[in-house]
Amino acid sequence: MASNDSSRHQSGLLSNMAGLLIASLACIAILTVAVAGVGRGGTVHGVREIVIVSVLVGAFGFVAAAVIILFRAVRDARRFEQQAASEVGELRLKLAAAEAALTIEPETVVAWDAAGVPRLIVAALRGVPRTLNGVLVFRDWLGEDDARRLREGLDRLFQTGEPFVLNAITRSRTNVEIGARPLPGRVVLRIRAPRAGEETPSALPAVGSTDGKEVEGHRALLDSIPSLAWFVDRDGRLTWANAAYCRTVEVGTFEEAVERQTMVLDGRQRARIVEAVRHAGGHVHTERLRLTDRGERRTFEVVAVPMGEELSFFATDVSVQQSAEDELSRLSAAHDRTLDRVATGVSIFGPNQRLAFFNAAYVELWRLEQDWLLSHPREGEVLDRLRERGLLPVEVEADYRSWKSRILAAARGNEGTEDWWHLHDGRTIHVMAEQRPDGGTTYLFDDVTERLSLESRYNELIGVQRETLDNLQEGVAAFATDGRLRVYNPSFARIWQLARGELEIGPHVDGLVKRLAGLYDDHRVWDEIKRSVTDISDARQQIDGTMTRSDGVVLSYACLPLPDGATLVTFLDITDRKRVEMALIERNEALEAADRLKSAFISHVSYELRTPLTNIIGFSELLASPRVGALNDKQREYLGDIHASSNALQTIINDILDLATIDAGTFDLKLAAVQPRAVIDAALAAVQDRLARAKMNLSVELDPAAPSFIADGNRVAHVLYNLLSNAIGFSEVGQSITVRCMTAGDRIVFEVADRGCGIADEHLDSVFERFESRRRRGKHRGAGLGLAIVKSLVELHGGQVELTSKVGVGTTVRVSLPIAGPQRDEDEQTAAPVSAA
């Protein structure tokens, strides 16, 4: 119709233009004749006026005629535009109705226009690609035979116009019916699931005619669907509704619904949909709404299709789907929250290969900008960004393009993939990819650097422990909680003379004990070990002991409960150690017996010598007395030597008795407050004669601030006396000796220094040992007890003694005693007055 009106409009416009041209030519001819007549009989001036008037009249006529023709053209164009818009609206209405009818059931429809250009009309069937290119590549979603039959059928259809119908099975194991037929100006391919009891697919409805029969057919089709369908005019009044609509609003027929204007949408919903359609520029509008279905509120998906001045509505009950979607949304949100808390990085790409989800661990792992990730980049773009950051495996740099293609292809495969990425920064990432049911891909990224490090260190530690156990001389056996042997070392097998094959099978402790009882048959010990191994109590105790086997081997054993419930049993061959221990015990007992014998002998001899020595000293003093009679010089000299030697011998005997008492632990100190000057004077008085005979100078340096201290005064004076005697004995005639007393913290210090010959370094370690003396330049050496008794008495006071000496320079002995006295548990005893030794 529009093409006929266009032809008529163009013909009328051409005829009008032709008339205008003829009129213009006529005017020109008339002017020419007029000019010729005037030229023969009139003046030139009159001719010029006539020509001007004629031209003006012709121009005015031309303009008037052009305006009239243009007005008619505009009027015809507006009428043609209105007719074309009406026809386009009708065509859109028919197309929308056809597409809406096609989308009622899940199916896929492809149409080729007269030029052979395909168009995907509907793509809603499972198992069939949802893109035009995907549908046309038949071998990707059909088997080889079915794809070949479909290609051959389409070739015949395009060549001869022969329609066809065939049944096929998709690669997802779905049965489909495929039908193709020619329509006026196009070819339609329809793919749908077969209906129950239907052998051949139904024919596609024609969409080219607009007669009443087709309208009735469309209404019958809409009446048969479970979805609601209704039409409203431009005033929003209901003009028609299908049976499902009538059931929903609880009316008998659509005439009754139209008469009552029973609307399933309320006024606010209708107004919002109309406004949305108007803003959408006449396109289809889809919205989910809560509607009342026979008194019950349910969720419907409402589709509004503009048809010129009217609107057609389709509403499908999606309550179950909405409930499932809501539940899926809740589950998905909970799933997302859970994934956001796991330490594994997760990224999910949708069917379009764009990032649909990522968790916090993913962002932290790859350090990517969250805003960029929220822009839904493609898989390849993410890999490119990781490559820019240097966060891809080391080996990728050699051929990144091939690696990228392999990774993306493997991720979209039917089987999941697994890979290990060793990054430049030293991290190791465990990557797992799994294809999702919707065609997307899920990636899991687990940073296993620390775990691998721990495993490596654990394996290394186990190796070291294994090597350590294998090289231990101690036999080690570990029993599990079930009482079976789990770990042992070669020493265990060697000690108990067992073959490796007997232990590899993991024998139970009962069987192993029966095997070992042949070498040691003390059942009491074995029962104790078995109880330790099999006891399930939390309060297990460690047991140990020794066993002497029948072959004379002595073993030390121990059972140690382990934290995991296992038990470690160790055996150590201590035969040699026992022998050495017995030998040492015997030797020690012999030494103790010898020491006791020596002490008894010394004590006996000392006491037996003291009585006659006392008599000798007493008689020598009596002979030296004037009351006995006068003595000549020689007798007096001999008597002096006897007296001196007797005193020296008495000092030695007293020292020996003191040492014996100290060794016996019965030596008691008589502690009291002692003045430093008093003990120094007592010691000087005892050596005054020896100093005079040796012509030696002795100086005393006493710190005036030196306080009194708690000690046994006689024993301290004896210490100083021995030190002075030692200094005199190792000094030459005329040399000097210095005695010092000072305070050092909580101690009082005495020093005796001489300028004698000194002591060699090799003898310094033995100067305080008993009976240790050295001869000096032919002089008779002493008994070697002076420094020994000094050390013993000083240590009894809780003090210390130090000796420094250098050959040719002299010797200094330093004695430090605690001012508060020795630490004793018993009460202090009152000491006797200090006297010279």
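Above this text is the structure in question.
Residues numbered from 1 in each chain as written. Predicted model: local features only at pLDDT ≥ 70, side-chain atom pairs only at ≥ 80, totals over all residues. Heavy atoms only, no water.

(A) Summary view of the pattern of salt bridges. As enumerated under the stated definition, the model contains 32 salt bridges in all. The salt bridge partner of Asp 527 is Lys 530, with a shortest N-O separation of 3.8 Å. Taken together, the positions of Asp 527 and Lys 530, both in helix α18 (residues 523-534) and three residues apart, correspond to about one turn of that helix. Classification of Lys 530 by relative accessible area gives partly exposed; the value is 23%. Salt-bridge contacts for Asp 551 lead to Arg 549; the nearest nitrogen and oxygen are separated by 2.8 Å. Judged by relative accessible area, which is 39%, Asp 551 ranks as partly exposed. Taken together, the salt bridges that share partners define one network made up of Glu 369, Arg 385, Glu 388 and Arg 389. (Salt bridge = Lys/Arg side-chain N within 4 Å of Asp/Glu carboxyl O. Helix = DSSP H or I, 4+ residues; strand = E, 2+ residues; numbered from the N terminus. Buried < 20%, exposed > 50% of the residue type's maximum accessible area, 1.4 Å probe, protein only.)

(B) Region of the structure containing helix α23 (residues 786-796). Along α23, the residues classified as buried are Leu 787, Ala 788, Ile 789, Val 790, Ser 792, Leu 793 and Val 794. Gly 798, located one to two residues past α23, shows a positive phi value of around 80°.

(C) Summary view of the sheet that holds strand β8 (residues 285-293). Here five strands make up an open sheet; going across it, the order is β7-β6-β10-β9-β8 and the pairing antiparallel. Of all strands in the sheet, those with a lone pairing partner are β7 (238-241) and β8, marking the two edges. With strand direction ignored, the average angle separating the axes of adjacent strands in the sheet is 30°. As judged from the eight bridges shared by strand β9 (residues 296-307) and strand β10 (residues 310-317), these two strands associate in the antiparallel manner. From the neighbouring strand, Phe 300 faces β10, where its bridge partner is Asp 317. Each of β8, β9 and β10 touches helix α8 (residues 267-279); the most contacted strand, β8, lies at about 170° to it. (Pairing = 2+ DSSP bridges. Axes fitted to C-alpha atoms, helices over the stretch in contact; angles between N-to-C directions. Contact = heavy atoms within 4.5 Å.)

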